[in-house]
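What follows is the residue order along each chain.
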Amino acid sequence: AVHGNFTRTIRLKTPIVSTPMDTVTEAKMAIAIALEGGIGVIHTNLTVEEQVREVMWVKKYESGFIMDPVCIAPTTKISDLDTLRKTSGFSGYPVTEDGRMGSRLLGLVTKRDTD
């Protein structure tokens, strides 16, 4: 098996590393590389808040499932949904009775539904 060290304490199953360039590595690339056993380094041409959002998106991704989804209520306005899309980085949301995780799922709304 091919393996290597990224740092003294981080060992990679597959020594693939994506470069921290704004045209290369954001959350989607970091997730794809991680799924193959490598690591993606989020670039620094973002504000600190944007970097945190990218890292959190990667950390919430687990085997194709988002473990802590952002839910919306049935009363959520399209304008609020557009704002949420910009801040969360997601385009689809579970609709629950009260807009919180754990309450009854009513459906899903995707970008295709609102464009």
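K.L.:
Tell me what's going on with the pattern of salt bridges, and back it up with residues and numbers.
P.N.:
Any two side chains of opposite charge can pair if their charged atoms end up close together. Throughout the structure, instances matching the rule amount to four salt bridges. Across the salt bridge formed by Arg-85 and Asp-82, the nearest N and O atoms sit 3.4 Å from each other. Taken as a pair, Arg-85 and Asp-82 lie in helix H3 (residues 78-88) at a separation of three residues, close to a single helical turn. On the accessibility criterion, Asp-82 (32% relative accessible area) is partly exposed. A salt bridge links Asp-98 to Arg-100, with the shortest nitrogen-to-oxygen separation between them at 3.7 Å. Assessed through its relative accessible area of 38%, Asp-98 is described here as partly exposed.

Thresholds, definitions, all that
- Residues numbered from 1 in each chain as written.
- Predicted model: local features only at pLDDT ≥ 70, side-chain atom pairs only at ≥ 80, totals over all residues.
- Heavy atoms only, no water.
- Salt bridge = Lys/Arg side-chain N within 4 Å of Asp/Glu carboxyl O.
- Helix = DSSP H or I, 4+ residues; strand = E, 2+ residues; numbered from the N terminus.
- Buried < 20%, exposed > 50% of the residue type's maximum accessible area, 1.4 Å probe, protein only.

As far as function goes, none of this settles anything; it's purely spatial.
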